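Each chain, letter by letter, is given below.
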Amino acid sequence: MSNIKDTYYPLNPQKNELPIYPQTLRYLSLSFPRTNFFLEQIFDKNSVFLTDSGTSALYIAIKNIISSTEDEVIIPSFCCENVIDAVISNGVKPVFVDINSNLTISLNDLEHKISSNTKCIILTHTYGFNEDTSIFLNIKKWGDIDIIDDLSQTSFLYGIDKISRPNVRASIFSFGLTKPISSIGGGGLVFSKKSDELIKSIPKEKFNNVFVDFKNYIKLYVLQKIQKYNFLKKEIKEQDKLNKITQNPSLVVPKKMNVFREMLLTSKIKKGNKIIRRNKENYDYFCQEIINKNIKKISIFIRDKNTVPNYLTIILDKDINRFEFSKYLSNKGIQTTWNYYPLHMQK
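Residues numbered from 1 in each chain as written. Predicted model: local features only at pLDDT ≥ 70, side-chain atom pairs only at ≥ 80, totals over all residues. Heavy atoms only, no water.

> Tell me about the nonpolar core, and name the residues and values.
Counting 29 residues, the largest nonpolar core has Ile60, Ile62, Ile122 and Ile148 as its most contacted members. Those elements that provide at least two residues to this core are helix H3 (54-63), strand S2 (72-76), helix H4 (81-89), strand S4 (118-123), strand S6 (168-174), strand S7 (187-191) and helix H7 (196-200). Per-element accounting of this core gives the leading share, six residues, to H3. Counting residues in hydrophobic clusters, the runner-up holds 18 residues, among them Leu39, Leu50, Leu151 and Leu265. (Core = buried A, V, L, I, M, F, W, Y, C linked by side-chain atoms within 4.5 Å. Buried < 20%, exposed > 50% of the residue type's maximum accessible area, 1.4 Å probe, protein only. Helix = DSSP H or I, 4+ residues; strand = E, 2+ residues; numbered from the N terminus.)

So, in structure tokens, the structure goes:
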């Protein structure tokens, strides 16, 4: 990807000029905790375990596979930094693999990075775009390697993205603010094989932790309403973004999901089909608007029928000021957000 690296990984200024608006949040309500049952119906009653976060779910999935500190876990270089936290917290080595121009993992680079120490590959389906199905089909040709299928950014739970996924050891879900089904946080883990001893060792999440997440959600929700109705005309800025990138990974300490978190999450899951339908309509509408306006020097990813992306990803030519373009969109009521900062470029 060296020829397009600057397009995907543009340098950020020390001070972020772009107004960052809060995620579109909806009101919260409580339902009888049925998230576990919901996942079991989709996955034919495979082993389901709910956690306090998607990162915790990923940590447990890795822990269930590795056997030595010499083990290696392959991850795409361009993905959420919490993925590397989960790997390093398990005391094993992360191996970065490049991505293609469509954000999927590079098969060519993947084959070069696999070694005798490779224990698993984490597929992240960045922004909701499906990874190459040949990885699922060919994984065992490369050795005794498992796949952890991170479905956090996909719409898999609602009949979308149901590509063939053989040879998956565990599937991961996250329900944070930026996910298709967003709540105050939480994660889900579906095993094909699991260690009962490992699961029993995971402590329960304390209510205080849930309450902190709940308060933060409400604060963002109120702030969003204030901005929407212009009660407070003030830009929200995220400053010194590069300085906020962690130089050391965060230690992951997994917890079993608290029942109050599950009650909030179950309520959101019940509305999932409606949320996904709106996401699909919004995505298609905005793509068509860009096409109709004939905006030059940008590229967008047109979704296929099996995908409802989590974000509409726009790629700008190098001579376009990305911050001015973001302001142009924000003036039209379109929220923008940053790309991930590539993991291999972090120290």
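That shown, we press on.
> Describe the sheet that holds S6, and please don't skip the residues or the numbers.
The strand order S1-S7-S6-S5-S4-S2-S3 describes an open sheet built from seven strands, whose pairing is mixed. Two strands in the sheet have a free side with no partner beyond their single neighbour: strand S1 (47-51) and strand S3 (93-97). Strand after strand, the sheet turns through a mean of 20° between neighbouring axes, direction not considered. For strand S5 (residues 146-150) and S6, the ladder comprises four bridges, and the chain directions are parallel. (Pairing = 2+ DSSP bridges. Axes fitted to C-alpha atoms, helices over the stretch in contact; angles between N-to-C directions.)

> Summarise the pattern of salt bridges; cite the residues concerned and give the values.
Evaluated as defined, the whole model comprises eight salt bridges. Between arginine 169 and aspartate 146 there is a salt bridge, with the nearest N and O atoms lying 2.9 Å from each other. You can see arginine 169 sitting in strand S6 and its partner aspartate 146 sitting in strand S5, a full 23 residues away along the chain. Between arginine 303 and aspartate 284 there is a salt bridge, with the nearest N and O atoms lying 2.8 Å from each other. With arginine 303 in the loop between strand S8 (298-300) and strand S9 (314-316) and aspartate 284 in helix H11 (residues 272-293), this residue pair connects regions lying 19 residues apart in the sequence. Residue classification places arginine 303 among the buried residues on the basis of a relative accessible area of 16%. (Salt bridge = Lys/Arg side-chain N within 4 Å of Asp/Glu carboxyl O.)

> Break down the environment of tyrosine 311 for me, citing the residues and quoting the values.
Tracing the backbone shows tyrosine 311 in the loop between S8 and S9. Residues tyrosine 311 and threonine 126, spaced 185 residues apart in sequence, show a C-alpha to C-alpha distance of 9.3 Å.

> Could you give me a rundown of a positive patch on the surface, with the residues and numbers involved?
On the surface, Arg34, Lys270, Lys271, Lys274, Arg277 and Arg278 cluster together into a positively charged patch. In terms of residue count, the dominant contributor to the positive patch is H11 (three residues). With respect to the element layout, lysine 270 can be found in helix H10 (residues 259-270). Using a relative accessible area of 61% as the deciding quantity, one classes lysine 270 as exposed. (Patch = residues over 30% accessible without salt bridge, like charges linked within 9 Å, V, L, I, M, F, W, Y side chains within 5 Å. Areas by Shrake-Rupley, 256 points an atom, 1.4 Å probe, with all protein chains shown as cover. Lys, Arg positive; Asp, Glu negative; His and termini not counted. Charge placed at Lys NZ, Arg CZ, Asp CG, Glu CD.)

> Explain the packing of H3 against H4 to me, using residue names and the numbers behind them.
Between two packed helices, the angle of one axis relative to the other and the distance separating the axes together describe the packing. Two numbers describe how H3 lies on H4: the axes approach to 9 Å, and their chain directions differ by 40°. By the angle class used here, H3 and H4 are oblique. Here H3 runs over H4; the crossing is right-handed. In this structure, H3 uses Thr55, Leu58, Tyr59 and Ile62 to contact H4, whose residues at the interface are Asn82, Val83, Ala86, Val87 and Ser89. Residue composition of the contact of H3 with H4, grouped by class: six nonpolar, three polar and no charged. (Parallel < 35°, antiparallel > 145°, perpendicular 65-115°, else oblique. Left-handed = near helix turned anticlockwise from the far one by under 90°. Contact = heavy atoms within 4.5 Å. Nonpolar A, V, L, I, M, F, W, Y, C, P; charged D, E, K, R; others polar.)

Everything listed here is a matter of coordinates, which is why it stays silent on function.
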